[in-house]
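One-letter residues, chain by chain:
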Amino acid sequence: MSIFLNGEFMPIEEAKVPVLDRGFIFGDGVYEVIPVYSRRAFRLAEHLQRLQHSLDGIQLKNPHSDDEWTTILNELIRRNTPEDQYLYLHVTRGAAKRDHAFPVPAPTPTVFVMSNPLTTPSAELLKSGISCITVVDNRWLRCDIKAIALLPNVLLRQAAVAAGCAEAILIRNDEFMTEGAASNIFVVKNGTLLAPPKDNLMLPGITYDVILEIAAANNIPCEVRKVLKEEVFNADELLLTSSTKEVMVITTLDGKPVGDGKPGAMFAKLHTLYQTFKQEVMRK
Ligand code: PDD
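Only a predicted model underlies this, so the values are computations on that prediction, with no experimental measurement involved.

Each value, and the rule that gives it
Residues numbered from 1 in each chain as written. Predicted model: local features only at pLDDT ≥ 70, side-chain atom pairs only at ≥ 80, totals over all residues. Heavy atoms only, no water. Helix = DSSP H or I, 4+ residues; strand = E, 2+ residues; numbered from the N terminus. Rg over C-alpha atoms; globule rule 2.2 N^0.38 Å. Buried < 20%, exposed > 50% of the residue type's maximum accessible area, 1.4 Å probe, protein only. Contact = heavy atoms within 4.5 Å. Near = heavy atom within 4 Å. Polar contact = N/O pair within 3.5 Å; in protein donor to acceptor, adjacent residues only side chain to side chain. Areas by Shrake-Rupley, 256 points an atom, 1.4 Å probe, with all protein chains shown as cover. Nonpolar A, V, L, I, M, F, W, Y, C, P; charged D, E, K, R; others polar. Pairing = 2+ DSSP bridges. Axes fitted to C-alpha atoms, helices over the stretch in contact; angles between N-to-C directions. Salt bridge = Lys/Arg side-chain N within 4 Å of Asp/Glu carboxyl O. Phe/Tyr/Trp six-rings, centres within 6.5 Å; stacked < 30°, edge-to-face > 60°. Lys NZ or Arg CZ within 6 Å of the ring centre and 35° of its normal. Domains from an automatic or database assignment. Buried area = accessible area lost by both parts, 1.4 Å probe.

Moving on: the overall build of the chain. Within the chain, the regular secondary structure consists of eight helices and 16 strands. Scaling as 2.2 N^0.38, a compact globule of 284 residues should have a C-alpha radius of gyration of about 19 Å, and the chain matches this with 19 Å. Seen through its principal axes, the chain has C-alpha atoms that stretch 55 × 45 × 30 Å. Classification of the 284 residues of the chain by burial places 51% in the buried group. Pairs at least 24 residues apart make up 70% of the contacts formed inside the chain by residues separated by at least 6 positions.

Right, dumping it as structure tokens:
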């Protein structure tokens, strides 16, 4: 596997970063995950825009222009074999003597990008749906930053896995649903799609935006507003989105069936529309 590290392409085995890198010491950095279909990065402009938002959020200067990022990412895609890949892009504040405050002068940021094969959910999984648990959203108040400091998300996802589930659905203040540990969540009730608003308590998902655009273009009723935990428990359908999972259906929540426990009509419709959209935008 060929990766990109600080200006150079190399085999992953040769990639090294200093132990004093602030990403390693403090989790002081941000990242992006970008799907690649037929060797073309999906929604690249939007991912680069979100990267800029995350960098602004941690007061770190973007080490590359959008044109430079595009060149780097396209070259990395070219150097790796799969037609469909996902890119993991990571920028940290760089290496410096350990001190919490930003180092002066600012060190050179560390830039790392790797490519992995993209495996979207199998036909079996799309038919059965996945199981989730609900957990307390105990993260910080800047979940809109795609920070590499993911320990809360790691622990919440692990709680799901320990319960035999695929994802944890996060409930904030015992009141409303924010997102999943590494995904966005939609509720379906009486034919309407309910989506939490993009604020500081959730990651503004790129796939989330695609789903809302597709819904609008196909006259699917949609409400973007706070989604109460009771609405999650009483949902007709629950959907999950992310760059690597696309749109998935949740059929079991906290051990109980969601709706009738089978993938519903809204999921079928949105999944088909998403595949068509992908086909038209990416595969032509
Ligand atoms: N995670 N919310 C969180 C907390 C996430 O980590 C992710 C994605 C999403 C979905 O965003 P998008 O549609 O832009 O992928 C929402 C990626 C896939 C990851 O960390 O691997």
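Turning our attention to the site of the ligand. Around the ligand, the surrounding shell holds 18 residues, and the nearest of these are Tyr31, Arg50, Glu179, Thr207 and Ser243. Between the ligand and Lys146 there is a distance of 3.3 Å, counted from a nitrogen atom to a side-chain nitrogen or oxygen. Residue Ser243 places a side-chain N or O atom 2.7 Å away from an oxygen atom belonging to the ligand. Protein chains shield 89% of the accessible area of the ligand, which is 480 Å² for the free molecule. Elements supplying a minimum of two residues to the shell around the ligand: strand 3 (29-37), strand 9 (176-180), helix 6 (206-217) and strand 14 (237-242). Here the residues of the shell around the ligand are counted per class, giving six nonpolar, nine polar and three charged.

With respect to topology, six strands assemble into an open sheet ordered 2-1-6-5-3-4, the strand pairing being antiparallel. Every interior strand has two partners, whereas the edge strands, strand 2 (8-11) and strand 4 (40-41), have only one. Direction of pairing for strand 5 (residues 85-92) relative to strand 6 (residues 110-117): antiparallel, over a ladder of eight bridges. Residue pairing in the sheet places Tyr88 in a bridge with Met114 of strand 6. Packed on one face of the sheet, helix 2 (residues 44-57) meets strand 3, strand 4 and strand 5 and runs near 175° to strand 3. Sitting on the sheet, helix 3 (residues 66-79) touches strand 1 (2-5), strand 2, strand 3, strand 4, strand 5 and strand 6, and the angle it makes with strand 5 is about 135°.

Per the counting criterion, the structure on display carries 18 salt bridges. Between Lys278 and Glu246 there is a salt bridge whose closest N-O contact spans 2.8 Å. Placement of Lys278 in helix 8 (residues 265-283) and of Glu246 in strand 15 (residues 246-253) is noted, with a sequence separation of 32 residues between them. Side by side, Lys278 and Glu246 carry an identical accessibility label, which is buried. A single network of salt bridges, built from pairs that share partners, joins Asp137, Arg139, Arg172 and Glu179.

A word on the packing of aromatic side chains. For any two aromatic rings, the description comes down to two numbers: the centre-to-centre distance and the angle of the planes. Taken as a whole, this structure holds seven aromatic pairs when the rule is applied. Chaining the aromatic ring pairs together yields one cluster made of Tyr37, Phe42, Tyr274 and Phe277. Directly above the aromatic system of Phe102 lies the positively charged group of Arg93, at a separation of 3.7 Å from the ring centroid. Cation over ring: Lys226 sits above Phe176, and NZ or CZ is 4.2 Å from the ring centre.

Right, let's talk about the domain arrangement of the chain for a bit. Examined at the domain level, the chain breaks down into domain 1 (2-117) and domain 2 (123-282). The C-alpha-based centres of domain 1 and domain 2 are spaced at 26 Å. Residue-level contacts link 26 residues of domain 1 with 22 residues of domain 2. In this assembly, domain 1 packs against domain 2 so that about 2,000 Å² is buried in total across both faces, 64% of it on carbon and sulfur atoms. Put simply, domain 1 and domain 2 have one salt bridge between them. A salt bridge links Arg43 to Glu213, with the shortest nitrogen-to-oxygen separation between them at 2.9 Å.

The step from Val104 to Pro105 runs through a cis peptide bond, and the omega angle for that step is -5°. You can see Pro105 is positioned in the loop between strand 5 and strand 6. If you check the backbone angles, Gln59 has positive phi at about 55° while not being a glycine. In this structure, Glu246 is a non-glycine residue whose phi angle is positive, near 55°.

Moving on to the pairing of strand 8 (residues 167-172). Most of strand 8 sits out of view: six of its six residues are buried. Here strand 8 shows no split at all, with Glu167, Ile169 and Ile171 on one side and Ala168, Leu170 and Arg172 on the other all buried. Where strand 7 (residues 130-136) lies against strand 8, five bridges are found, and the strand directions are parallel. By the bridge assignment, Thr134 is partnered in strand 8 with Ile169.

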